[in-house]
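Examination of the molecular architecture
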Amino acid sequence: MINTIIVNVDELWLKGGNRPQYFKAINLHLRDVAKAYHEAEFTCLFENHRQVLHSETPFKDDLLDALRRVPGVHSIIPARRVAFALEAIFPAIQEELSAYEKLPSTFRVTTKRSNKKFPLNSMEVSRLMGGEILKNFPGLKVDVHEPKLHVKVSILDKYIYVSSRSLMAMGGLPWGMTGRLVTLISGGFDSPVASYLMSKRGCDQVFAFFYAYPFVGEEVKEKIFNIMKVIGRYQRFSKLYVVPFGHLQKTLANACREEYRTILFRHYMVSCANLIAQETHAEGLLTGDSIGQVSSQTIGNLAMLDSFSERPILRPLVGFNKAEIIELSRQIGTHDVSVVPHDDACALFAPKHPIIRPDVEYVRTIANQEELKTALLECFKQAELYTVSLKGEIAKVK
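In what follows, the accompanying structure is described. These numbers come from a predicted model, not from an experiment.

1. Points about empty space enclosed by the protein
A full pass over the atoms with the stated rule returns 1 cavity of 30 Å³ or more. Taken as a whole, the largest cavity encloses approximately 40 Å³ of empty space. In terms of lining residues, the largest cavity is bounded by H29, V33, Y37, A66, R69, V70, R233, Q235 and L390. A total of 3 residues in the lining of the largest cavity trace back to one element, the largest contributor, which is helix α1 (residues 19–37). Among the residues forming the lining of the largest cavity, the class breakdown is 5 nonpolar, 2 polar and 2 charged.

Below you can see the structure in the form of structure tokens.
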């Protein structure tokens, strides 16, 4: 019965006097996750520089998986908490090892004794517990260098914890501690991976999808929802703006030279994202751009977009190649959604020879047309708003 989860934090030790704020943020996130996935009562306390979740009702594997998606968590250790007594340790070890369907062939015991009032030192506890394991599990042999099973005994202030597993988590910094971004999300591989990387850096993200209806179908919107069900689980709470963009795209396509269509579509997406940022008090924008991956992502085009944006545009994938991005999408769980084909209005209006070194003054001339400015404001005002829970549940707000 796993009744305790020890949570090891990642970069919080670098934060000096601000450290309490970071620990408070990660504690709130852990509590929210535990409430969502564990119906029984539990505690979440700070103990010996770790967050410790405990419940009299066993924790399930879906909670372990969810905790690994909490930004700022380095690793989690499913453990068994017992009384502060020598005689309580081996029964917990016996219970831990008996839960394995098949035990590996070698083991070692490591003890860490934070509370020096315990009668035996760390080496003595490890030696004693190792002997008991050999007597009760005759198929196991000791290997102190490369054991296939590592039994850990942690003797803390009030309790003793026994574990044999450590699960790596996403690491980084707690959610919401480094500012808020508006993430331009799409149905491809890039933007969901970019979102994940900035979740690791503690960013609170508001999401914006530019929906090109009626030039694409409802299935494209459903695909975005399916992506949000995955990446929304890396935050405590998310908002998704679905911006009706199709009619503005058509107007733009007719108003500008063909080779400028794609970059102007991008310009107006950035402009609308800035309006969303103003409404949600976000400090920057986030995109999945990678240098040179497509024509709109040349340095000249990206520099032009930056020059028109009221806020900085972050691009964590700027030096990634496509294979690296796809591999990351597999790791975070968005690959199987992103790989599904979908209609793309940008491709529908795409020029045969898109501009790669834009004339900024020409772009400015088009962008300043009153008709297009009015159409952009209408897109923003008509945007649908959805919330996404940390379990990936989507609800419409307006």
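2. Focus: the packing of helix α7 (residues 246–255) against helix α8 (residues 261–280)
Where α7 meets α8, the closest approach of the two axes is 10 Å, and the angle between their N-to-C directions is 135°. It follows from the interaxial angle that α7 and α8 lie oblique. The way α7 lies across α8 gives a crossing that is right-handed. Of the residues in α8, those touching α7 at L248, Q249, L252 and A253 are R261, L264, F265 and Y268. Across the contact of α7 with α8, the residue classes break down as 6 nonpolar, 1 polar and 1 charged.

3. Observations concerning the sheet that holds strand β11 (residues 204–211)
Judged by pairing direction, the sheet is mixed, and its 7 strands sit side by side in the order β14-β13-β10-β11-β12-β15-β16 without closing on themselves. Looking along the sheet, the strands with just one partner apiece sit at the ends: β14 (313–314) and β16 (394–396). Pairing of strand β13 (residues 284–286) with β14 involves 2 bridges; the strand directions are parallel. Looking at β14, one finds that L285 is bridged to I313.

4. Focus: the packing of aromatic side chains
For the coordinates displayed, the defined rule picks out 8 aromatic pairs. Here F84 and F118 contribute two aromatic rings whose centre-to-centre distance is 5.4 Å and whose plane-to-plane angle is 80°, an arrangement assigned as edge-to-face. Remark: F118 occurs in the loop between β5 (106–113) and α4 (122–136) and F84 occurs in the loop between β4 (73–83) and α3 (89–98); sequence separation between them is 34 residues. Looking at F118, the relative accessible area reads 3%, which means it is buried. Positioned above the aromatic ring of Y159, the side-chain terminus of R81 is 3.7 Å from the ring centre. For the cation-ring pair, K391 lies above Y37, with the distance from its terminal atom to the ring centre recorded as 4.9 Å.

5. Digging into the environment of L197
Relative to the helices and strands, L197 resides in helix α5 (residues 190–200). Expressed as a C-alpha distance, the spacing of L197 and S114, which sit 83 residues apart in the sequence, is 35 Å. Residues contacting L197, with those up to four places away along its chain left out, are P316, L317, F320 and L328.

Basis of the calculations
- Residues numbered from 1 in each chain as written.
- Predicted model: local features only at pLDDT ≥ 70, side-chain atom pairs only at ≥ 80, totals over all residues.
- Heavy atoms only, no water.
- 1 Å grid on protein atoms, 1.4 Å probe; cavity = no way out; pocket = protein on both sides within 12 Å on 5 of 7 lines; lining within 4 Å.
- Points joined across faces, edges and corners; volume = space filled by probe spheres on them.
- Helix = DSSP H or I, 4+ residues; strand = E, 2+ residues; numbered from the N terminus.
- Nonpolar A, V, L, I, M, F, W, Y, C, P; charged D, E, K, R; others polar.
- Axes fitted to C-alpha atoms, helices over the stretch in contact; angles between N-to-C directions.
- Parallel < 35°, antiparallel > 145°, perpendicular 65-115°, else oblique.
- Left-handed = near helix turned anticlockwise from the far one by under 90°.
- Contact = heavy atoms within 4.5 Å.
- Pairing = 2+ DSSP bridges.
- Phe/Tyr/Trp six-rings, centres within 6.5 Å; stacked < 30°, edge-to-face > 60°.
- Buried < 20%, exposed > 50% of the residue type's maximum accessible area, 1.4 Å probe, protein only.
- Lys NZ or Arg CZ within 6 Å of the ring centre and 35° of its normal.

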